[in-house]
Amino acid sequence: VARLVRRGDKWSILRTATWMLGVVAGVFITNTEISRYALVSMSAHMTQHMVLGMLVPILLVLGAPITLALRALPPTKLDLVGPREWILLVLQSYYSKLITHPLVALTWYSGSIFVVYFSSLMTFLMSSHLGHVLMHIHFVLAGYLFFWLVIGTDFQPRNIGYPFKLLLVFVSMVIHAVFGLILMQSTSLVGGGWFGKVAPVWLTDPIADQQLAGAIAWSFGELPMLLVFLALGIQWAKADKQQAVRLDRVADNYGDADRTAYNEMLRQLNNKGDKE
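A brief structural summary. (Residues numbered from 1 in each chain as written. Predicted model: local features only at pLDDT ≥ 70, side-chain atom pairs only at ≥ 80, totals over all residues. Heavy atoms only, no water.)

## Looking at unusual backbone geometry
Item 1. The backbone of Ala-64 shows a phi angle near 50°, a positive value even though the residue is not glycine.
Item 2. By secondary structure assignment, the location of Ala-64 is in the loop between α4 (42-62) and α5 (65-72).
Item 3. In this structure Ala-64 comes out as buried when scored by relative accessible area, which is 0%. (Helix = DSSP H or I, 4+ residues; strand = E, 2+ residues; numbered from the N terminus. Buried < 20%, exposed > 50% of the residue type's maximum accessible area, 1.4 Å probe, protein only.)

## Overview of the nonpolar core
Item 1. If you look at the biggest cluster of nonpolar residues, it comprises 51 residues, and the most contacted ones within it are Met-42, Met-46, Tyr-117, Met-122, Phe-147, Ile-151 and Val-228.
Item 2. Tallying contributions element by element places α4 first for this core, with 11 residues.
Item 3. Every residue in contact with Tyr-117, bar those within four places of it in the chain, is listed here: Met-42, His-45, Met-46, His-49, Met-122, Phe-139, Phe-179, Val-190 and Gly-191.
Item 4. Counting 5 residues, the second-largest nonpolar core is a separate cluster that includes Leu-4, Ala-64, Leu-68 and Ala-72. (Core = buried A, V, L, I, M, F, W, Y, C linked by side-chain atoms within 4.5 Å. Contact = heavy atoms within 4.5 Å.)

## Quick word on the packing of aromatic side chains
Item 1. Going through the model one piece at a time under the given rule, you end up with 10 aromatic pairs.
Item 2. Summarising the aromatic geometry, the rings of Phe-114 and Phe-118 are spaced 5.7 Å apart at their centres and angled 45° between planes, so their arrangement reads as tilted.
Item 3. For Phe-118, a relative accessible area of 31% translates into the label partly exposed.
Item 4. Ring centres 5.5 Å apart and planes at 50° place the aromatic pair Tyr-117 and Phe-179 in the tilted group. Separated by 62 residues along the polypeptide, Tyr-117 in helix α8 (residues 102-117) and Phe-179 in helix α11 (residues 162-184) bring together distant segments of the chain. (Phe/Tyr/Trp six-rings, centres within 6.5 Å; stacked < 30°, edge-to-face > 60°.)

Below, the structure written as structure tokens:
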């Protein structure tokens, strides 16, 4: 941003603010006391998961970091491949088109929670600091990929229509709601029983804490998703307005072909009637 300002270009203050809020939220949820409790309490862990997997990615995506990087990074001279060129190569690669397929992104974002929490994989990851960090990275990246497709303004390898984006959001909400309801009704510890093994003395009922985690997973997404719907609605309206302006410009410059053809048909019918 400073580089753009120095050369006289502008960058949205709102984009900068949302990016910084995302960074602050991520640092807060992983470096305060709640991170300690997340190691021994399923409800605290789920709060951390929801912030990292939903709130943080939404805020980061709204910051449009790819666009900023492409505008701020100078092209590399002497036909070398620098940071800007690498970004473009990755965005245009087959791998990017694969992972940005809506079903792939939805599966990675919403489907992976069932794989992690309903198998022994969670205990395996939680039993080491590295595994816990990798879990955090997964939450953020999976969320970022999904919300990049839905509300991202950066360049995307795939062009997805707004109705389908809205459908993706609804499907993800349903999947997370089902996940939360399963935890709320659970009577046995999930994920290999990690939180039962490490439960502190003050946590007398890990099952009740797990059910609370389900309630958090079921209800937490309302506020972040409201932000998603707001951003999606604004972007959709802006895209429709731009499309209307383009169509008006084409009609003004080249004429409205349909209207011209219709008028010509009426003229021919009128001439035919006069002759008869």
